Amino acid sequence: MGEWSRSVIPIVRGLCFLYVTNKYLGTTVITYGPSMLPTLCITGNVLLVERISTRTGKLRPGDVVILRSPEAPRKVVCKRLMGMEGDQVTYVVDPKNSDRCKTVVVIPKGHVWVEGDNIYNTNDSRNFGAVPYGLLEGRAFWTLLPRKDFGTLPPKPR
């Protein structure tokens, strides 16, 4: 082998390692927008996301998850997992309306129910229904930035 192969092979191995780590183990994501207020900042957070829980079925209601939007598949969104298949979820249809009409939904097989923490400004399962489990990409577990929020993600505010 030539001189070039001794320098190229470690680079290729490193890129393969990064790809496998990002695809199957975990990654970082940048989130922004009002849907997860007050848990996440409107101006943006950098979160650590692990992908193992989605593959092993270890997700639980209350986890903050990253998923492909069922309405715009190129878009990745951050929401809180509220229910798994077979669970009953009660939600307010229109929180802005004074008639707080609650609805109960049974989540179908192979689906999950996700909601943003800010019920007044979010596009979630209340709008598009239960989400197929296959759209889940990972579970966020740690906030890296902003530095004032460094640490584990807090539980859903009451």
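Heading Subunit (unreviewed entry) of the UniProt record for the protein chain holds this comment: "Heterodimer of 2 subunits, IMP1A/B and IMP12." Quoted verbatim from the Subcellular location (unreviewed entry) heading of the UniProt record, the comment on the protein chain is "Mitochondrion inner membrane".

A. Just the overall build of the protein chain, in detail. When helices and strands are tallied, the protein chain shows three helices and ten strands. Reading the protein chain from its N end, one meets helices and strands in the order α-β-β-α-β-β-β-β-β-α-β-β-β. With the C-alpha coordinates of the protein chain rotated into their principal frame, the extents come out at 75 × 40 × 25 Å. Within the protein chain, the fraction of its 158 residues that count as buried is 35%. Surface summary for the protein chain: the accessible area is close to 9900 Å², and the carbon and sulfur share equals 59%. Taken as two groups, the 22 positive and 13 negative side-chain charges of the protein chain have centres that lie 5 Å from each other.

B. Local environment of the packing of aromatic side chains. Summed over the entire model, instances satisfying the criterion amount to two aromatic pairs. On the basis of an interplanar angle of 35° and a centroid distance of 5.1 Å, the ring pair of Tyr91 and Trp113 is categorised as tilted. In this pair, Tyr91 sits in strand S5 (residues 88–92) while Trp113 sits in strand S7 (residues 111–115), placing the two residues 22 residues apart along the sequence. As far as burial versus exposure is concerned, Tyr91 and Trp113 are alike and both buried. Taking 5.5 Å as the distance between ring centres and 85° as the angle between the ring planes, the aromatic pair formed by Trp142 and Phe150 counts as edge-to-face. For Trp142, a relative accessible area of 27% translates into the label partly exposed.

C. Focus on the UniProt feature "active site" (unreviewed entry) in the protein chain. When the UniProt feature table is mapped onto this chain numbering, "active site" (unreviewed entry) sits at Ser35 and Lys79. These annotated residues cover 45 residues of sequence, and their C-alpha atoms lie no more than 7.8 Å from one another, placing them together at a single site. Within this annotated set, the largest pocket is lined by Ser35 and Lys79. One can find Ser35 in the loop between strand S1 (26–31) and strand S2 (45–50). Among the polar contacts listed, one links the side chain of Ser35 to the side chain of Lys79, at a separation of 3.2 Å. Here Lys79 shows up in strand S4 (residues 76–83). When its relative accessible area of 4% is taken as the criterion, Lys79 is described as buried. For Lys79, the residues in contact, after removing those within four places along its chain, are Ser35, Met36, Asp63, Val64, Val65, Leu67, Val114, Glu115, Gly116, Thr122, Asn123 and Asp124.

Cut-offs and rules
- Residues numbered from 1 in each chain as written.
- Predicted model: local features only at pLDDT ≥ 70, side-chain atom pairs only at ≥ 80, totals over all residues.
- Heavy atoms only, no water.
- UniProt positions renumbered as here; feature names shortened; annotations may be inferred.
- Helix = DSSP H or I, 4+ residues; strand = E, 2+ residues; numbered from the N terminus.
- Buried < 20%, exposed > 50% of the residue type's maximum accessible area, 1.4 Å probe, protein only.
- Areas by Shrake-Rupley, 256 points an atom, 1.4 Å probe, with all protein chains shown as cover.
- Lys, Arg positive; Asp, Glu negative; His and termini not counted.
- Charge placed at Lys NZ, Arg CZ, Asp CG, Glu CD.
- Phe/Tyr/Trp six-rings, centres within 6.5 Å; stacked < 30°, edge-to-face > 60°.
- 1 Å grid on protein atoms, 1.4 Å probe; cavity = no way out; pocket = protein on both sides within 12 Å on 5 of 7 lines; lining within 4 Å.
- Polar contact = N/O pair within 3.5 Å; in protein donor to acceptor, adjacent residues only side chain to side chain.
- Contact = heavy atoms within 4.5 Å.

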